[in-house]
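Descriptive structure summary
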Amino acid sequence: MRAALICIDKPGHIETRKANREAHLAYIAETGLVEMAGPFLDEAGNMTGSLVVLTVDSLQQAQDWAANDPYAKAGLFERVEIREWKKVIG
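Cut-offs applied
- Residues numbered from 1 in each chain as written.
- Predicted model: local features only at pLDDT ≥ 70, side-chain atom pairs only at ≥ 80, totals over all residues.
- Heavy atoms only, no water.
- Salt bridge = Lys/Arg side-chain N within 4 Å of Asp/Glu carboxyl O.
- Helix = DSSP H or I, 4+ residues; strand = E, 2+ residues; numbered from the N terminus.
- Buried < 20%, exposed > 50% of the residue type's maximum accessible area, 1.4 Å probe, protein only.
- UniProt positions renumbered as here; feature names shortened; annotations may be inferred.
- Pairing = 2+ DSSP bridges.
- Axes fitted to C-alpha atoms, helices over the stretch in contact; angles between N-to-C directions.
- Contact = heavy atoms within 4.5 Å.
- Arc of directions from axis to C-beta.
- Phe/Tyr/Trp six-rings, centres within 6.5 Å; stacked < 30°, edge-to-face > 60°.

Some details on the pattern of salt bridges
Going through the model one piece at a time under the given rule, you end up with 6 salt bridges. When the shortest N-O distance is used, the salt bridge between E35 and R2 registers 2.5 Å. A residue pair is termed long-range when its members are at least 10 positions apart, and E35 in strand β2 (residues 34-41) and R2 in strand β1 (residues 2-9) qualify at 33 residues. Since its relative accessible area comes to 26%, R2 is described here as partly exposed.

Listed below in structure tokens is the structure:
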């Protein structure tokens, strides 16, 4: 199954994002569950959150992945929504 993680950064936490970006990308590479991902941007092009699509066996596995993401551990996110997602196009 696929799960979409919609992660919204805490306001004013761009430095937290930058400081943990390398660890976040390494986590993505090492876990092998991410099908696609990328940041949300504001009007000025600054990163303000993330959309991550995981291929997992259960929503619990997606929740565990999200909890162990270095961004989450660093306290970057104001909120995270995890939903089952069905790919139809693309």
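Digging into the UniProt feature "domain: YCII-related" (unreviewed entry) in the chain
UniProt annotation of "domain: YCII-related" (unreviewed entry) refers to residues 1-86 when read in the numbering used here. Across residues 1-86, the secondary structure splits into 37% helix and 40% strand, with the terminal C-alpha atoms separated by 8 Å.

Comments concerning the sheet that holds β1
What the 4 strands build is an open sheet, ordered β2-β3-β1-β4; its pairing is antiparallel. Both outer strands of the open sheet, β2 and β4 (77-85), are each paired with one neighbouring strand and no more. Adjacent strand axes in the sheet meet at a mean angle of 15°, parallel and antiparallel pairs treated alike. Here β2 pairs with strand β3 (residues 47-55) via 7 bridges, running antiparallel. Looking across to β3, one finds that M36 is bridged to V53. Of the strands in this sheet, β1, β2, β3 and β4 touch helix α1 (residues 14-31), which is tilted by about 15° from β3.

Digging into helix α2 (residues 59-68)
All of the buried residues in α2 are A62, W65 and A66. Along the axis of α2, the buried residues cluster in a sector spanning 95°; they form a single face. Buried positions along α2 lie against β1, α1, β2, β3, α3 (70-73) and β4.

Considerations on the pairing of β1
Across 7 bridges, β1 lies against β3 in antiparallel orientation. For L5, the partnering residue across the bridge sits in β3 and is V52.

Digging into the packing of aromatic side chains
Summed over all chains, the structure comprises 2 aromatic pairs. When the ring of Y27 is compared with that of W65, the centres are 4.9 Å apart and the planes differ by 35°; the resulting orientation is tilted. Placement of Y27 in helix α1 and of W65 in helix α2 is noted, with a sequence separation of 38 residues between them. Between Y71 and F77, the aromatic rings sit 6.1 Å apart at their centres with planes inclined by 85°, giving edge-to-face as the arrangement. The pair formed by Y71 and F77 is uniform in burial state, with each residue classed as buried.

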